[in-house]
Structures are given as C-alpha cells and as structure tokens.
Amino acid sequence: MSSVEYRYVTKSYDGGATHALAGLTTEIDDGAFLAILGRSGSGKSTALRLLTGLEDPDSGELFLDGIPLRGVKAHERGVGMVMQMPALVTHRSAGGNIRLPLEFAQTHGDEIAERLAAEAADLHIASLLKKRPGQLSGGETQAVQLARALISRPRALLLDEPMARIDHEVRSRLRGDILRLQARHGVTTIMATSDQADAMSMADSILVLDDGRLQQLGAPLDVYHHPINTAVARFLGEPGMNIVPMQVVDEGAVRAYRRGALRLPAWADAAGRYLGRDALVGIRPEDIEIVTPDEGRVSVEVDRVESTGSASIVRIDLDGEPLLVRHTGVPPRPGARIGLRVDLARLHLFDPYSEAAIHHPAI
Ligand code: ADP
Ligand code: MG
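Let us look at the structure shown here. The shown structure was predicted, so the numbers you read here are calculated from the model rather than taken from an experiment.

Quick notes on the sheet that holds strand β17 (residues 312–318)
Phase 1 of the analysis: Judged by pairing direction, the sheet is antiparallel, and its 5 strands sit side by side in the order β15-β19-β16-β17-β18 without closing on themselves. Both edges of this open sheet fall to β15 (288–291) and β18 (321–327), since each of them pairs with a single strand only. Between one strand and the next, the sheet's axes are offset by a mean angle of 45°, whatever the strand orientation.
Phase 2 of the analysis: With 4 bridges joining them, strand β16 (residues 298–307) and strand β19 (residues 337–342) adopt antiparallel strand pairing. Bridge pairing in β19 places V298 opposite L340.

Some details on the site of ligand 1
Phase 1 of the analysis: Ligand 1 sits among 13 residues. The nearest are G41, G43, K44, S45 and T46.
Phase 2 of the analysis: The backbone of G43 places a nitrogen or oxygen atom 3.0 Å from an oxygen atom of ligand 1.
Phase 3 of the analysis: Contact between ligand 1 and K44: an oxygen atom at 2.8 Å from a side-chain N or O atom of the residue.
Phase 4 of the analysis: Considering ligand 1 on its own, with 550 Å² of exposed area, one finds that the protein chains cover 66% of that surface.
Phase 5 of the analysis: Elements that contribute at least two residues to the shell around ligand 1 include exactly β2 (18–28) and α1 (44–52).
Phase 6 of the analysis: Counting residues per element, the shell around ligand 1 draws most heavily on α1, which supplies 4 residues.
Phase 7 of the analysis: Classifying every residue of the shell around ligand 1 by side-chain character gives 2 nonpolar, 7 polar and 4 charged.

Observations concerning helix α3 (residues 109–122)
Phase 1 of the analysis: Over its 14 residues, α3 runs 20 Å from end to end, which matches the ideal 20 Å to within 8%, given 1.5 Å per residue.
Phase 2 of the analysis: Turning to α3, its buried residues are I112, R115, L116, E119, A120 and D122. Buried residues along α3 cover an arc of 155° about the axis, so they all sit on one side. Exposed side chains of α3 directed beyond 90 degrees from the buried face belong to D110 and E114.
Phase 3 of the analysis: Looking at the buried positions of α3, the neighbouring elements they touch are α2 (94–104), α4 (138–150) and α5 (168–185).
Phase 4 of the analysis: Just downstream of α3 lies H124, where phi reads positive at about 55°.

Re the pattern of salt bridges
Phase 1 of the analysis: Within this structure, the stated rule accounts for 20 salt bridges.
Phase 2 of the analysis: With its nearest N and O atoms 2.7 Å apart, the salt bridge here joins R175 to D198. Of the two residues, R175 is situated in helix α5 and D198 in helix α6 (residues 196–202); the sequence distance between them amounts to 23 residues.
Phase 3 of the analysis: Among the residues examined, R175 registers a relative accessible area of 22% and is labelled partly exposed.
Phase 4 of the analysis: For D198, a relative accessible area of 2% translates into the label buried.
Phase 5 of the analysis: Notably, a salt bridge pairs E251 with R258, separated by 3.4 Å at the nearest N-O pair.

Section: α4
Because the α-helix completes a turn every 3.6 residues, residues three or four places apart line up on one side.
Phase 1 of the analysis: In this model, α4 (13 residues) spans 18 Å end to end at C-alpha, consistent with the 18 Å of a helix rising 1.5 Å per residue.
Phase 2 of the analysis: Here α4 lies mainly inside the structure; 11 of its 13 residues are buried.
Phase 3 of the analysis: Along α4, the residues that are buried comprise G139, T141, Q142, A143, V144, Q145, L146, A147, R148, A149 and L150.
Phase 4 of the analysis: Against the buried residues of α4 lie β6 (79–82), α2, α3, β7 (156–160) and α5.

Comments concerning the coordination of the magnesium ion (ligand 2)
Phase 1 of the analysis: Distances from the magnesium ion (ligand 2) to its protein donors, namely S45 (OG) and Q84 (OE1), fall within the range 2.0 to 2.4 Å. Separated by 39 residues along the polypeptide, S45 in helix α1 and Q84 in the loop between β6 and α2 bring together distant segments of the chain.
Phase 2 of the analysis: In this structure S45 comes out as buried when scored by relative accessible area, which is 15%.

What to know about the packing of aromatic side chains
Phase 1 of the analysis: Applying the stated criterion across every chain yields a total of 0 aromatic pairs.
Phase 2 of the analysis: A cation over a ring is seen here: R284 above Y224, with NZ or CZ 4.0 Å from the ring centre.

Some points on the layout of surface pockets
Phase 1 of the analysis: Roughly 660 Å³ of internal volume is contained in the largest pocket.
Phase 2 of the analysis: If you go around the largest pocket, you meet 19 residues; those closest to its centre are A74, H75, V79, G80 and P101.
Phase 3 of the analysis: Going through the elements one at a time, β6, α2 and α4 are the ones with two or more residues in the lining of the largest pocket.
Phase 4 of the analysis: Classifying every residue of the lining of the largest pocket by side-chain character gives 12 nonpolar, 5 polar and 2 charged.
Phase 5 of the analysis: The computed volume of the second largest pocket comes to approximately 200 Å³.
Phase 6 of the analysis: Those elements that provide at least two residues to the lining of the second largest pocket are α4 and α5.
Phase 7 of the analysis: The biggest single contributor to the lining of the second largest pocket is α5, with 5 residues.
Phase 8 of the analysis: Looking at the lining of the second largest pocket residue by residue, the class counts come to 6 nonpolar, 3 polar and 4 charged.

Describing the pairing of strand β8 (residues 188–193)
Phase 1 of the analysis: Among the 6 residues that make up β8, 6 are buried, leaving the element largely enclosed by the rest of the structure.
Phase 2 of the analysis: Pairing geometry for strand β3 (residues 33–37) and β8, over 5 bridges, is parallel. Within β8, the residue paired with A35 across the bridge is M191.
Phase 3 of the analysis: The pairing of β7 with β8 spans 5 bridges and is parallel. Note that in β8 the partner of L159 across the bridge is M191.
Phase 4 of the analysis: Read as a crossover between parallel neighbours, the route from β7 over α5 to β8 is right-handed.

Basis of the calculations
- Residues numbered from 1 in each chain as written.
- Chains lettered and ligands numbered in written order.
- Predicted model: local features only at pLDDT ≥ 70, side-chain atom pairs only at ≥ 80, totals over all residues.
- Heavy atoms only, no water.
- Pairing = 2+ DSSP bridges.
- Helix = DSSP H or I, 4+ residues; strand = E, 2+ residues; numbered from the N terminus.
- Axes fitted to C-alpha atoms, helices over the stretch in contact; angles between N-to-C directions.
- Near = heavy atom within 4 Å.
- Polar contact = N/O pair within 3.5 Å; in protein donor to acceptor, adjacent residues only side chain to side chain.
- Areas by Shrake-Rupley, 256 points an atom, 1.4 Å probe, with all protein chains shown as cover.
- Nonpolar A, V, L, I, M, F, W, Y, C, P; charged D, E, K, R; others polar.
- Expected span 1.5 Å × (residues − 1).
- Buried < 20%, exposed > 50% of the residue type's maximum accessible area, 1.4 Å probe, protein only.
- Arc of directions from axis to C-beta.
- Contact = heavy atoms within 4.5 Å.
- Salt bridge = Lys/Arg side-chain N within 4 Å of Asp/Glu carboxyl O.
- Donors = N, O, S within 2.8 Å, 3.2 Å for Na, K, Ca; no water.
- Phe/Tyr/Trp six-rings, centres within 6.5 Å; stacked < 30°, edge-to-face > 60°.
- Lys NZ or Arg CZ within 6 Å of the ring centre and 35° of its normal.
- 1 Å grid on protein atoms, 1.4 Å probe; cavity = no way out; pocket = protein on both sides within 12 Å on 5 of 7 lines; lining within 4 Å.
- Points joined across faces, edges and corners; volume = space filled by probe spheres on them.
- Right-handed = clockwise from strand over helix to strand, strands pointing away.

Keep in mind these values describe shape, not function.
See below:
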C-alpha cells in the first residue's frame, strides 16, 4: 500500500507525433481509489503503463510512496495490473496463471498454495482453477486476472477498463468484488474507464482526462455538479449535459436566453456579461420535463426518440442544435408536438470562447 504521484508526466509516440499524455500531475493517497475517466485514446492506458514500468515517460517523474520510480525495474515496483486485453498464458490453467507472480518471486510452494486458495475463495473462483483460459467467460477471465494481480500483495493495483467486455449482469458483481477486495487489502487503486457509471459508482475520486490532459479531479458528485468546462459537462451523465449556444437578451425587467423556440429566463448574474451575444447554456437532460404543448412554456417538435426501456432520450432540434431530454414516462413519437418545462434553477453557464464554467446552480 502506497501513495502514488505523477509529476509533469509527458509521453508521446511516433517520434512525438502522438501526444498520449501531456504534463499529467496528480497525487493519489495511500489506500484511495481513483478512476481515470476519458474517451478512447485520451491516454488512460498510457498513464497506467508508465506506472508499471513497462514504458518510461519522455519527461516528468512518477513516485510510489515519495520514492522516484525512474530506473526501478517493473518487477521491483510492486505494482499489479489487470490489462485492457486479457493477458493470461494460454497453456497454463487459471490457477497456474494466478500463481505466476509468486513463482517468479521464488515464493515457497506451501505459501503459494495457501495464498492461491485464499485469493480463489475471495473471488469465488475455486472451481475454475483447473480450467484453461480459453474455457473461461469474460467475467471469469477478469476475476482470474484480478486474483493474479492481487496475489503478490501489490503496493498499487491498476485496472485497465476491467468491465469493458463484460455483460451487464456479471458487471455489477465484478464491481462489488473489486470494491470489496480493494477495501479488504486497503490497496491504492487506479482504474481506467470510459464508462462514467463505473467511475461514479466505484471511485473515491475521478480524474477526467481528455487528449492526454487532466481536465478535472474531484469527488464523483462534485465533478458531476460542478464540471469545470464543457468537455467534462458533456462527458458525465447519461446522456451528458446539453451545451446549447443561446443569445442573452434583455427584455425590459428580465433577462433571457434564447434559441429557436426556446426562451428561458436567465437568473444567473453572470449572464449579464454576455448581453446581446451568445453564451453556452448547460442543461442536464434530466432537468427538462416533457408536458403537453399548452402546459409548457415552449412547444417544440420531437425529432428522434431512443428508448432504453426504463427511460427514453427524446431529441429536439433547436435551430440546428440538438437538445436531449431524459424522459421516464411513455415516450412521445417522432414528429409529435410537445411542451417543455426546464428547471431554471438548474442551468449552468459556460463561456463561449474558453468553454470554462462561469456559473453552476447551488446544489
Ligand atoms: P486510452 O487508453 O485512453 O484509450 P491510450 O493511452 O491507449 O488511450 O492512447 C493514447 C494515445 O496514444 C492514442 O492516440 C494512441 O493511439 C496512442 N498510443 C498509445 N500507445 C501507443 C503505442 N504503443 N504506439 C503508438 N501510439 C500509441
Ligand atoms: Mg486504453
């Protein structure tokens, strides 16, 4: 168990043509669980690989418990990793794979057997130990990889998209297993994921990475409620926040945001800075209610509907800009006229040039 630190860590590939990581600086406390959240190609796996010692950064330094890692060989770092692509040795049984790190470390046979039994019991995989990797399901493969990463009692545990290729049902069990083992071992854990629900539900803090750059670091709900810029706002949520360019207009006593059929009273003082111009208004899809055309303040036409069973995402075209609404009742049909009611106290505001947050609602 150890604290982890990245200090100005930069890594590029293809002779500098691809910047995978640009000056990443962050600290993870001993025993904490950090999720690195970002779309594909944002640099998540690179951040993890640099910690294992499989690759070295171009510049910057990584620390484990305050000790610089440059020059420390991979097998001496005490970092356990579950890779994005399953990396089990195919001619060995599941149990044979889990034992590997201890065999490398020339641990005594009795101790290996004891620890293998303990890890297998912890992960409910005792019955799988004799199977070959090819005979394991996706969830079983990840449990075996997790056991192999934990058996040598690592100082830090790295999980690279551990739930990516696993069906829904097994997923929530694996989430639970990871959390339980993380707490039991008290091991500092970094999980890379592109799934914001995994990040929100599992980690103590979330680091949002975009294009190799740290966008925001904070507690899950804090990042959700106070996204620092439009990239983070769009990324968190199911679906993410609507970011709508709207003109700020003075209508005598009141100020309003306007776009197409939509006119919303602007309560934020900061809106005054954009009078006569466009600002980016942030509206969460769950902060818009669908009502009948006469009940709503605006009446609009439904463009498209995507239903997921329990909820549907209703898309409206606002003068060329999409507006997504999360709706839990019977979904309207495409082409139908509906009314909208927007929770005005929940609007966010972003600067149109820097895309930085200017105003967040009070929670
Ligand atoms: P993520 O895990 O978030 O999907 P990666 O860290 O794998 O992102 O990759 C970040 C960027 O670096 C991408 O543009 C990717 O194509 C590039 N990259 C990663 N590994 C290599 C490599 N070994 N060779 C060349 N480019 C790479
Ligand atoms: Mg990756």
